[in-house]
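Architecture and fold: a report
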Amino acid sequence: MQLEESIRVALSGLAEHKFRSFLTMLGIIFGVASVIAMLSIGEGAKRQAIAKYQDLGVNNIIVREKTMTDEELEEVRAKFSQGLSLNDAQVIKEIVPGVVRVASQAELNTDVKYADKSSKSSVIGITPDYIEMLNLKLGSGAFINQDQYDHDLKVCVLGAGVAKTLFKHKDPLGKMVKIDDQWFQVIGVLQSKTLFTETVGELASRDLNTDVYIPLSAYLNRFTQENVLASEIQQITIQVASSDKLLETAELVKGILQRHHFNNEDYSIVIPYELMKQEEKERQIYNFLLGAIAAISLLVGGIGIMNIMLATVMERTREIGIRRAIGARKSDIMGQFVSEAVAISITGGLIGVVLGVSLSLLISVFTDVNTFIRPYSVFIAFGFSVLVGISFGYLPAKNAANLKPIDSIRYE
Amino acid sequence: MLIEIKNMSKNYSMDGVEVDALKNINLQIDRNEYVAIMGPSGSGKSTLMNIIGCLDTPTTGQYLFNDVDVNSLDDNSLSAMRNKEIGFVFQNFNLLPRMNSVHNVELPLIYAGIPKAERRERALNALEHVGLTERVNHKPGELSGGQRQRVAIARAMVSKPGILLADEPTGALDSKMGEEIMLLFNKLHEEGNTIILITHEQEIANHAHRIIFIKDGLIYSDRPNSLFDNQATEMTE
């Protein structure tokens, strides 16, 4: 039989029993919708994680000063460790092969003021390399350059949050802000960053939008740490050429620091990329479970289709007999009923796609869960539903095709 | 010879009991014959019709249709045979209720793989031939019994089959409508079609030119219809 006729017959079959067809479709609708929603939740979590680690730099090794009590600090200093220093950074850059950049940073939590407004900020002294390494994006103006660094210029780049608090809608570029008791000129404003809500290793969660960046040279010259035992800098970020060299480079860095710190463990080494891989593995198991649950509901939907198709074949035994008597082959009858099952699953699949996409949009709008729909997940869900239609329509269709024409035409 | 049946028997078991529906039948039907097969219910006439119509196969013996041994055909070839060579007309019409007349008539052509435009044209011609030009878009439920049977006849004739097999075609109609349908069969015969009627009514059988009686699975008598003396003499020659 021609395909067009199969489709026509299938659709008229659906139209004849609208409510029954709809009930049959429900299983497929929910199955497809949940597959799409589940996959979009998994993908959303993945993207959020990737964004987080990109902020830390996937090719970076981060050496961070450990947070210590005063007693612990006194103890390590007594054991000759100076804490993290510019010298450590210099040595790493000179000795360790495969290192592209090394950036040192020192931090101070203080108020930044403009006119009558004030913002609690992390003031971070950095080297000009910093912007290349940490995925910072400028909203306006420029970042600190080598010349400004070399001359200890009192310039600063504001995080988006600080700029908004201090300047509202005014343009901050060129304005003077007061950091602690020093005046700095604003030369740039960063784009807004998503909130860094999770703690990664020794890196505590914080709002990157409240950062204020100044040249490390100016920082070291203008600000003095209250605690005399404090180390010179708080963090060294090391960028390596390729991510497969991260682990061995980290080992070398560790060896150097052990020697320089006289085996005092007053620092920690974080490799964002390695943490990301580990997290990815855990998430895969979770995603697999979500997907399996959704797939089971599609399977149940398929059984629903099979059930209704078996009933339909019974109901239309006589029609099958008539068609056979006027020349339909077994394969024609088979095609007709498989088409009908597929029509149910395609229609259900389409409704399911709409429902699934809306569901994941609603989830991301009304909850904290991030969702992201990749086109392939829609095709997978839809394709799977068509497959379910074919496989669960097969048995009833085969039953229909194997009915003896002579018996079925007399069936009442 | 269009149909040649040699030493044919058919038995089947019903609830474990062996039934001999047909016993060693020999029968020949030529092109453009108009044959009535008569017999009481359970005589085997329906079984004979099913075998002639390629809906069923004999247990033993031979059935040649146009010199083709039907027993040797597979399921697909039997379907093709029913599609192209056999036109069925049933007592209860057996139209598909969801389709209008023209689509019902088109159905055999769909299975024959005829393109849509040609299909439609041939179906409309067939409906015109049975006098139903006004009813092509009506569904069976909207037609009278006589009209439904006309649609069924149009469907049977649309693929220009070698033989028209009618099983009690007037059984579900009142006598006036039945008579009209019989006049239509007479006309189709005059146009050169081969017709086999299955009936238990003498009045209906009288339209045919040859009458075969079956009883208990055996051919009881096979004689020309005495009402048509000319043909009767021709046939005995």
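Our next topic: the confidence of the model for chain B. All names here are of chain B. Summing up the model confidence of chain B, the mean pLDDT is 90 and the portion of residues at 70 or higher is 96%. Ranking the elements of chain B by mean pLDDT puts helix H8 (residues 229-236) last, at 50, and strand S3 (residues 34-38) first, at 95. On the interface metric, ipTM, the complex scores 0.91, and its pTM is 0.73.

Low-pLDDT portions of the prediction should not be read for the details of their coordinates. Of the residues in chain A, 96% have a pLDDT of 70 or more, and the chain-wide mean is 87. Within chain A, helix H11 (residues 317-325) of chain A carries the highest mean pLDDT (93), whereas helix H1 (residues 3-16) of chain A carries the lowest (80).

On to the sheet that holds strand S4 (residues 60-65) of chain B, then. Residue and element names in this part refer to chain B. Ordered in space as S2-S1-S4-S5, the 4 strands form an open sheet in which the pairing is antiparallel. Strands at the two margins of the open sheet, each flanked by one partner only, are strand S2 (17-29) and strand S5 (68-69). Here strand S1 (residues 3-14) pairs with S4 via 5 bridges, running antiparallel. Bridge pairing in S4 links Glu4 to Leu64.

Contact with chain B, which involves 20 residues of that partner, is made by 17 residues of chain A. Elements with a contribution of two residues or more to the side of chain B that touches chain A: helix H2 (75-84) and helix H3 (101-111) of chain B. No other element matches the 6 residues that H2 of chain B contributes to the side of chain B that touches chain A. Tallied by class, residues from the side of chain B that touches chain A come to 9 nonpolar, 6 polar and 5 charged.

Turning our attention to the pairing of strand S2 (residues 99-114) of chain A. Residue and element names in this part refer to chain A. Bridge analysis of S2 against strand S9 (residues 235-240) gives 6 bridges, and the strand direction is antiparallel. Looking at S9, one finds that Ala103 is bridged to Thr237. Summarising the sheet, S2 and strand S3 (residues 117-126) pair through 9 bridges and their orientation is antiparallel. Bridge assignment links Val112 to a residue of S3, and that residue is Ser119. Counted between consecutive antiparallel strands, the loop separating S2 from S3 contains 2 residues, among which Ala115 sits at a positive phi close to 50°. The sheet contact formed by S2 and strand S6 (residues 176-179) spans 2 bridges and is antiparallel. Each bridged residue has a counterpart across the sheet, and for Lys113 the counterpart in S6 is Lys178.

How each quantity is defined
Residues numbered from 1 in each chain as written. Chains lettered and ligands numbered in written order. Predicted model: local features only at pLDDT ≥ 70, side-chain atom pairs only at ≥ 80, totals over all residues. pLDDT = per-residue confidence, 0-100. Helix = DSSP H or I, 4+ residues; strand = E, 2+ residues; numbered from the N terminus. Pairing = 2+ DSSP bridges. Contact = placed C-beta atoms within 7 Å. Nonpolar A, V, L, I, M, F, W, Y, C, P; charged D, E, K, R; others polar.

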